[in-house]
Amino acid sequence: MGKNPYGYNVKGEIAVFLFFGLVNVLGGVYLQTQFIRVMDIIAAVVIGLLCTCVLMINNMRDFDTDTRAGKNTLATTLGKESMSHLYRFMLLGAYFLLITFVTLRQNFYLLSLLVLISPIAKHLKMVRHYSDENIPSKALAPELAKIVLITLATSILMSVSILIFNYKKLI
């Protein structure tokens, strides 16, 4: 925990984006190839945004208890509505960048990610209900599990699609 844990001073989302996205993905790419391309940066940002969404939905779920405990998270700082808007922007931004990645790489195997449209739409609808205060914060618990699975599925589909694309180029 230390004297100033990230969870108490609004730096958690920044740390997750940097370390789970940029450092993790770009570090792995650089170790394997000894260079980093723009496409690698786009992929790293996609993963970073999705991992950050996991933390954000967790903090939205804990909003009421964190507020009572005086915990200074991004959610408690921004409030329910602004946090919900930021969350939706980041989640949709990740998939916009993914479409950009597909287009620039012309790796149409990544279109397999279209299977996630329905779960993402349902998930965003629940987050909207939270923002409108139609559901309590604790009702986001199942949404935390969903965004974890959406992030995992996106990561696996991205990896498999990139492997197939690169393998086909070698043949």
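Provided above is the structure to which this section pertains.
Structure report, in brief. (Residues numbered from 1 in each chain as written. Predicted model: local features only at pLDDT ≥ 70, side-chain atom pairs only at ≥ 80, totals over all residues. Heavy atoms only, no water.)

Some remarks on a nonpolar patch on the surface
Here is the rule: Only residues above 30% relative accessible area that lack a salt bridge enter a patch, with like-charged residues linked at up to 9 Å and the nonpolar side chains Val, Leu, Ile, Met, Phe, Trp and Tyr linked at up to 5 Å. Reported accessibility uses the Shrake-Rupley method at a 1.4 Å probe radius. Residues are deemed covered only where the shown protein chains occlude them. Salt-bridge detection follows one rule: a side-chain nitrogen of Lys or Arg within 4 Å of a carboxyl oxygen of Asp or Glu. What counts as a helix is a DSSP run of H or I of at least four residues, what counts as a strand is a run of E of at least two, and both are numbered from the N terminus.
A cluster of nonpolar side chains, Tyr109, Leu149, Leu152, Ile156, Val160 and Ile164, forms an exposed patch at the surface whose accessible area comes to about 530 Å². Topologically, Ile156 is positioned in helix 7 (residues 141–170).

What about the nonpolar core?
Stated formally: What makes a nonpolar core is a set of buried Ala, Val, Leu, Ile, Met, Phe, Trp, Tyr and Cys residues whose side-chain atoms join them at distances within 4.5 Å. When accessible area is computed with a 1.4 Å probe and restricted to protein chains, residues below 20% of their type maximum are described as buried, those above 50% as exposed, and intermediate ones as partly exposed. Contact between two residues is taken to exist if any of their heavy atoms lie within 4.5 Å; hydrogens are not considered.
Core analysis: the biggest nonpolar cluster contains 42 residues, and Ile57, Met60, Tyr87, Leu91, Tyr95, Ile147 and Met158 have the highest contact counts within it. Contributions of two or more residues to this core are made by helix 1 (12–33), helix 2 (38–61), helix 4 (74–78), helix 5 (80–105), helix 6 (117–131) and helix 7. Element by element, the count of residues in this core is highest for helix 2, at 14 residues. With near-sequence residues (within four places) excluded, Met60 lies in contact with Ala75, Met83, Ser84, Tyr87, Val127, Tyr130, Ser137 and Leu140.

What about unusual backbone geometry?
Of note, Gln34 is a non-glycine position whose phi angle comes to about 70°, a positive value. Relative to the elements of secondary structure, Gln34 occurs in the loop between helix 1 and helix 2. Positive phi is not limited to glycine here, since Glu133 has a value of about 60°. A relative accessible area of 57% means that Glu133 is categorised as exposed.

Examining the pattern of salt bridges
Note that side chains of opposite charge can pair when their charged atoms are close. In total, this model carries 6 salt bridges according to the counting rule given. Linking Arg37 and Asp40 is a salt bridge whose minimum nitrogen-to-oxygen distance equals 3.2 Å. Residue Arg37 is classed as partly exposed on the basis of its relative accessible area of 39%. Three or more residues are tied together by salt bridges with common partners; here these are Arg61, Asp62 and Lys138.

Brief notes about the packing of helix 1 against helix 2
How we decide: For helices, the fitted line uses only the C-alpha atoms of the stretch in contact; every axis is such a line through C-alpha atoms, and the angle between N-to-C directions lies from 0 to 180 degrees. Oblique is the label for every angle not falling under 35 degrees (roughly parallel), over 145 degrees (roughly antiparallel), or within 65 to 115 degrees (roughly perpendicular). A clockwise turn of the near helix away from the far one marks a right-handed crossing, whereas an anticlockwise turn of less than a right angle marks a left-handed crossing. Only Asp, Glu, Lys and Arg are considered charged, only Ala, Val, Leu, Ile, Met, Phe, Trp, Tyr, Cys and Pro nonpolar, and every remaining residue, Gly among them, polar.
Look at helix 1 against helix 2: their axes get within 8 Å of each other, and the N-to-C directions meet at 150°. With respect to their mutual orientation, helix 1 and helix 2 come out roughly antiparallel. At the point where helix 1 passes helix 2, the crossing takes the right-handed sense. Within the contact between the two elements, helix 1 uses Gly12, Glu13, Val16, Phe17, Phe20, Gly21, Leu22, Val25, Leu26 and Val29 and helix 2 uses Asp40, Ile41, Ala44, Val45, Ile47, Gly48, Leu49, Cys51, Thr52, Leu55, Met56 and Asn59. Class assignment of the residues belonging to the contact of helix 1 with helix 2 gives a composition of 15 nonpolar, 5 polar and 2 charged.

Some thoughts on helix 2
For an α-helix, the turn length of 3.6 residues means that residues three or four places apart are oriented alike. Under the convention used in this document: Take the residue count of a helix, subtract one, and multiply by 1.5 Å to get its expected span.
The terminal C-alpha atoms of helix 2 lie 35 Å apart, and with 24 residues this matches the ideal 34 Å at 1.5 Å per residue to within 8%. For helix 2, the tally of buried residues reaches 19 of 24 residues, placing the bulk of the element in the interior.

Some words on the side chain of Asp66
Rules: The sign given to each residue is positive for Lys and Arg and negative for Asp and Glu; His and the chain ends receive no count.
In this fold, Asp66 is placed in helix 3 (residues 63–69). Despite being buried, Asp66 has no salt bridge partner; Lys71 is the closest side chain of opposite charge, sitting 4.4 Å away. The contacts of Asp66, once residues within four sequence positions are left out, are Asn59, Lys71, Thr73 and Thr76.

Quick word on helix 1
Formally: Bend at a residue means the angle formed by two fitted axes: the first through the 7 residues ending at that position, the second through the 7 residues beginning there.
Spanning 22 residues, helix 1 covers 30 Å between terminal C-alpha atoms, matching the ideal 32 Å at 1.5 Å per step. At Val23, helix 1 shows its largest kink, close to 30°. For helix 1, the full list of buried residues reads Gly12, Glu13, Ala15, Val16, Gly21, Val25 and Leu26. Packed against the buried residues of helix 1 are helix 2, helix 4 and helix 5. Gln34 lies just past helix 1 and shows a positive phi near 70°.

With respect to the packing of helix 5 against helix 6
Two elements in contact, helix 5 and helix 6, have axes separated by 9 Å at closest approach and are oriented at 165°. Comparing their axes, helix 6 and helix 5 come out roughly antiparallel. Classified by chirality, the crossing of helix 6 by helix 5 is left-handed. Between helix 5, through Lys80, Glu81, Ser84, His85, Tyr87, Arg88, Leu91, Leu92 and Tyr95, and helix 6, the contact on the second element is made entirely by Ile120, His123, Leu124, Val127, Arg128, Tyr130 and Ser131.

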